[in-house]
Amino acid sequence: MPSHLALLSCLLVLLLSLDKFLLHYLKKRLFSGPRIIPSGASKSRRSMASAAKWSETAMLVIDMQKDFVDPAMRSPMLVAGGEAVVPAVAEAVAVARERGIFLVWVVREHDPSGRDVELFRRHHYSGGKGPTVKGLKGAELADGLVIKEGEYKLVKTRFSAFFATHLDSVLKTAGIKNLVIVGVQTPNCIRQTVFDAVALDYEKVTVLIDATAAARPEIHLSNIRDMKNIGVETPTLEEWRH
């Protein structure tokens, strides 16, 4: 009889041990496998990352004024390729607004006397008239382009949007690390602004090649190549949009 009790005791201990082993095994199988993330959560995370990226991005719309892009003004500052890119610039601005990108409208507005203009251009100013004189029609934005509430207007008097302006301070205060640039013209104001942005260590500088222009296509593409060679991204508007 005692031997039977001993045998039963052994069997009971064995069963309890097996039960613990099975419980441990099931826990391991159920809770230690690969974690499956719902597709909705993954999309939400991607959306949040995109929103964060665009909140650190500003678009500079440079010199899209009638004296630069509207042939009807008969301005000596007319950029021959400027009129053609007005629709692309307007579209780029619309995309920027959808993404919550900070818009900075960079314009020239000169004194009627021309005394704040580069020396080589002062002969265009007399009698209170001249290209992009403050208050005159030529200084207005091209038709279809409008500065909206919350967007920023920056006046410059030289090629670079950074030269003798507070642009860098405005951007850094807003937490901007990346720039997207559109407008005219490529070898002058676009190029000089881009080179200064690179020198000021903005993390990513992008020039939309079909929303910028010069007097001739070959000049435009040559300058785009130079900017690409210093690390600037040069997508089309369609590529940037996606």
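Looking at an unreviewed UniProt entry, one finds the protein chain named Isochorismatase-like domain-containing protein and attributed to Urochloa decumbens. You can read under Sequence similarities (unreviewed entry) in the UniProt record for the protein chain the words "Belongs to the isochorismatase family."

**Student:** In this structure, what is going on with the overall build of the protein chain? I would like to understand it.
**Tutor:** Regarding its fold elements, the protein chain presents eight helices and five strands. Here the protein chain holds 242 residues, and the buried ones make up 38% of them. Put simply, of all contacts in the protein chain between residues at least 6 apart along the chain, 75% involve residues at least 24 apart. Working note: accessible area of the protein chain is about 14,200 Å², and carbon and sulfur atoms make up 59% of it.

**Student:** What am I meant to see in the pattern of salt bridges here?
**Tutor:** Two side chains of opposite charge can pair, provided their charged atoms sit close to one another. Here the structure, examined in full by the defined rule, presents 15 salt bridges. Residues Glu151 and Arg97 are paired through a salt bridge, measuring 2.7 Å at the closest nitrogen-oxygen approach. Placement of the pair is Glu151 in the loop between strand S2 (102–108) and strand S3 (152–156) and Arg97 in helix H4 (residues 86–99), with a sequence separation of 54 residues. With relative accessibility at 18%, the residue Glu151 sits in the buried group. Since its relative accessible area comes to 30%, Arg97 is described here as partly exposed. Linking Glu109 and Lys153 is a salt bridge whose minimum nitrogen-to-oxygen distance equals 2.6 Å.

**Student:** Explain the sheet that holds strand S4 (residues 178–184) here, please?
**Tutor:** Hydrogen bonds between backbone atoms are what pair the strands of a sheet, whose relative direction is either parallel or antiparallel. Spatially, S3-S2-S1-S4-S5 is the arrangement adopted by the five strands of the open sheet, whose pairing is parallel. Each end of this open sheet is capped by a strand with a single partner; those strands are S3 and strand S5 (204–213). Ignoring strand direction, the axes of neighbouring strands in this sheet form an average angle of 20°. Here S4 pairs with S5 via six bridges, running parallel. Within the sheet, the bridge partner assigned to Val180 lies in S5 and is Thr206. Along the sheet, helix H6 (residues 186–199) makes contact with strand S1 (57–62), S2, S3, S4 and S5, crossing S4 at roughly 170°.

**Student:** What exactly am I supposed to notice about helix H7 (residues 217–228) here?
**Tutor:** Helical geometry note: an α-helix holds 3.6 residues per turn, so side chains three or four residues apart project in the same direction. Relative to the 16 Å expected for 12 residues at 1.5 Å per residue, H7 spans 16 Å between its end C-alpha atoms, a close match to the ideal helical length. Those residues of H7 that sit buried are His220, Asn223, Ile224 and Met227. Each buried residue of H7 lies within a common arc of 105° when the element is viewed along its axis, so the set occupies one face.

**Student:** I keep staring at the pairing of S4 and nothing clicks. Help me out?
**Tutor:** For a regular strand, the rule is simple: side chains alternate between the two faces of the sheet. Summarising burial for S4: seven of the seven residues are buried, a large majority. Of the two faces of S4, the one carrying Asn178, Val180, Val182 and Val184 and the one carrying Leu179, Ile181 and Gly183 are both buried. Two elements, S1 and S4, share six bridges in a ladder whose sense is parallel. Considered in S4, the bridge of Ile62 is made with Gly183. Between S4 and its parallel partner S5, the chain crosses via H6, and the hand of that crossover is right-handed.

Thresholds applied
Here the residue numbering is sequential within each chain, running from 1 through the sequence in written order. Given that this is a predicted model, residues contribute local features only at a pLDDT of at least 70 and side-chain atom pairs are listed and counted only at 80 or more, while totals for whole chains, interfaces and linings are drawn from all residues. Note: side-chain values were computed over all heavy atoms of the structure, leaving out hydrogens and water. UniProt positions are given in the numbering used here, feature names are shortened, and annotations may be inferred rather than shown by experiment. Going along the chain from the N terminus, every DSSP run of H or I of four or more residues is numbered as a helix, and every run of E of two or more is numbered as a strand. The buried label goes to any residue with under 20% of its type's maximum accessible area, the exposed label to any with over 50%, and the partly exposed label to all in between, with areas taken from a 1.4 Å probe on protein chains only. Note on contacts: a residue pair qualifies if any of its non-hydrogen atoms lie within 4.5 Å across the two residues. Here the open area of atoms and residues is found with the Shrake-Rupley method and a 1.4 Å probe, where only the protein chains shown may cover a residue. In the sections that follow, a salt bridge refers to a side-chain nitrogen of Lys or Arg positioned within 4 Å of a carboxyl oxygen of Asp or Glu. Pairing between strands is defined by DSSP: at least two bridges between them are needed. Each axis is a line fitted through C-alpha atoms, taken for helices only over the stretch in contact, and angles between the N-to-C directions span 0 to 180 degrees. Multiplying one less than the number of residues by 1.5 Å gives the expected span of a helix. Here, the arc refers to the directions that run from the helix axis to the C-beta atoms. Consider the strands pointing away from the viewer: the crossover is right-handed when the path from the first strand over the helix to the second runs clockwise.

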